[in-house]
Amino acid sequence: MLEARNLSVAVDDETFLDDISFTAEPGRIYVLMGRTGAGKTSLMRAIGGLLPLDQGSLHFEGEDITHMPVWKRDAAMVYQQFINYPNKTVRENIEFPLKKAGLKGAELSARVEDYLAKVGLTEFAKRKPSQLSGGQQQRVALARSLARHTRILMLDEPLMNLDFKLREQLREEFLGLFSGESDVVTLYATTEITEAMMLGYELIVMHEGRILQSGAPAEVFEQPKNIQVAQIVNDPPMTVIDGRISDRHLVFASGYKIPTPPHLVALGDGSYQFGIRANDIRPVSAGGESGSIGFVEVSGSETVVYLMAESGELVLLLEGIHDYEAGQSLRADIDPDRVFAFDKGGDLLIAPGMKVA
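Residues numbered from 1 in each chain as written. Predicted model: local features only at pLDDT ≥ 70, side-chain atom pairs only at ≥ 80, totals over all residues. Heavy atoms only, no water.

A. View of the packing of helix α2 (residues 90-100) against helix α4 (residues 134-147). Two elements in contact, α2 and α4, have axes whose closest approach is 9 Å; the angle formed by their N-to-C orientations is 30°. Here α4 runs roughly parallel to α2, going by the angle between their axes. Between α2 and α4 lies a crossing of right-handed hand. Counted together, Val 90, Asn 93, Ile 94, Pro 97 and Leu 98 of α2 and Val 140, Ala 143, Arg 144 and Ala 147 of α4 form the full contact between these two elements. (Axes fitted to C-alpha atoms, helices over the stretch in contact; angles between N-to-C directions. Helix = DSSP H or I, 4+ residues; strand = E, 2+ residues; numbered from the N terminus. Parallel < 35°, antiparallel > 145°, perpendicular 65-115°, else oblique. Left-handed = near helix turned anticlockwise from the far one by under 90°. Contact = heavy atoms within 4.5 Å.)

Right under this line is the structure:
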């Protein structure tokens with residue numbers, strides 16, 4: 001087991017890690033999720049010994065590794081850039097760290113062949129990295145790290161620089177690769193909730209060097225601890241607008257109101273912040289919130305519409321390609337059964353489907 005206890009790192013008054021604590025068990029994938037600058041890479045570098053700690057300690061399998069030199073730590077890291085040796089073949093790239101560790105002869109050959117097969121590169125063993133696709137180059141880097149049989153494997157947004165289709169393919173392949181590494185603690189950093197939901201045993205949401213929430217991916221997604229977490233784990237970001245409950249209705253700044261859904265009845269009258277996911281807001285011909293479209297983004301088979309309404313910005317995620325334009329008037333309706341309620345400080349009060357004591 002890997003244990004991080006109250007890790008803190010600051011350089012020139014800039015905080016990189018702020019009182020980070022968590023535990024990770026072998027055989028499972030722990031996903032570090034957060035926006036750029038959240039501290040994901042800094043945490044991995046601290047675990048690998050590349051970033052000295054100001055406070056806190058690291059323990060692995062009961063041993064204190066806080067001050068252990070990098071070369072003694074049983075850790076490997078795969079970056080989003082394809083870091084391979086350009087002058088070596090695929091086989092030589094995988095062999096290199098193994099030879100440094102003293103492997104030779106039949107044991108070396110067997111280990112290399114095993115991991116060439118695992119990442120699907122056996123037929124490319126004699127090629128140089130420049131002769132491979134981006135996905136294949138990333139597999140070389142992954143195989144080189146896995147073949148070392150390190151007990152701590154860290155992957156820092158390894159699919160970031162790949163195209164969408166290839167990312168989907170490699171996500172599925174990663175699950176197969178990691179399932180056979182039952183004695184390895186795996187940390188996987190990403191900004192994408194899709195990867196987190198697919199790969200993660202536990203999701204660790206980070207922001208500005210702190211852990212905001214951790215737990216099973218589905219739990220964090222369905223019951224985000226606060227608005228910050230809700231914004232991070234939703235893509236497009238969750239719409240959050242001020243409103244109140246009054247006379248059995250949710251009432252927004254524009255005067256638009258919807259009946260209070262059953263899951264929010266227990267809140268009673270008062271002021272709240274309401275969160276709505278983008279796929280729970282739909283265009284309507286009459287009623288709803290009215291406003292002007294500020295921006296339209298077509299992504300694959302989906303269209304994201306940013307609607308500047310009187311109550312605030314509403315983000316809509318629509319299936320298919322739509323010909324909306326900036327400046328166009330639009331009305332949108334909210335699904336009341338999918339509304340999240342946060343208090344004025346931003347902490348979650350009730351989520352759809354959440355049992356209220």
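B. Geometry of empty space enclosed by the protein. Tallying each qualifying case throughout the model produces 1 cavity of 30 Å³ or more. Its boundaries defined by the atoms lining it, the largest cavity holds a volume of some 30 Å³. What lines the largest cavity is Glu 157, Pro 158, Leu 159, Met 160, Arg 167, Tyr 188, Thr 190, Thr 191 and Glu 195. Within the lining of the largest cavity, the residues separate by chemical class into 4 nonpolar, 2 polar and 3 charged. (1 Å grid on protein atoms, 1.4 Å probe; cavity = no way out; pocket = protein on both sides within 12 Å on 5 of 7 lines; lining within 4 Å. Points joined across faces, edges and corners; volume = space filled by probe spheres on them. Nonpolar A, V, L, I, M, F, W, Y, C, P; charged D, E, K, R; others polar.)

C. Spatial organisation of unusual backbone geometry. Residue Pro 236 is reached from Asp 235 by a cis peptide bond, and omega for that bond is 0°. With respect to the helices, strands and loops of the structure, Pro 236 is situated in the loop between α8 (227-232) and β11 (239-246). Its identity as a non-glycine residue notwithstanding, Asp 12 has a phi of 50°, on the positive side. Within the secondary structure layout, Asp 12 lies in the loop between β1 (2-11) and β2 (14-24). One non-glycine residue, Arg 248, lies in positive phi territory at about 60°. Within the secondary structure layout, Arg 248 lies in the loop between β11 and β12 (249-252).

D. Layout of the packing of aromatic side chains. Following the criterion strictly, the structure yields 6 aromatic pairs and no others. For the pair Phe 252 and Tyr 256, a centre-to-centre distance of 5.6 Å together with 25° between the ring planes defines the contact as stacked. The class for Tyr 256 is buried, based on a relative accessible area of 9%. Ring plane angle 75° and centroid distance 5.9 Å describe the contact between Phe 252 and Phe 274, whose orientation is recorded as edge-to-face. You can see Phe 252 sitting in strand β12 and its partner Phe 274 sitting in strand β14 (residues 270-276), a full 22 residues away along the chain. Neither residue differs from the other here; Phe 252 and Phe 274 are each classed as buried. Between the NZ or CZ atom of Arg 277 and the centre of the ring of Phe 221, over which it lies, the distance is 3.8 Å. (Phe/Tyr/Trp six-rings, centres within 6.5 Å; stacked < 30°, edge-to-face > 60°. Buried < 20%, exposed > 50% of the residue type's maximum accessible area, 1.4 Å probe, protein only. Lys NZ or Arg CZ within 6 Å of the ring centre and 35° of its normal.)

E. Region of the structure containing the environment of Ala 309. Note on placement: Ala 309 falls in strand β17 (residues 302-309). Among the residues examined, Ala 309 registers a relative accessible area of 14% and is labelled buried. It is 9.0 Å that separates the C-alpha atoms of Ala 309 and Leu 330, two residues lying 21 residues apart in sequence. Ignoring anything within four residues of it in the chain, the contact list for Ala 309 reads Glu 289, Ser 290, Gly 291 and Leu 314.

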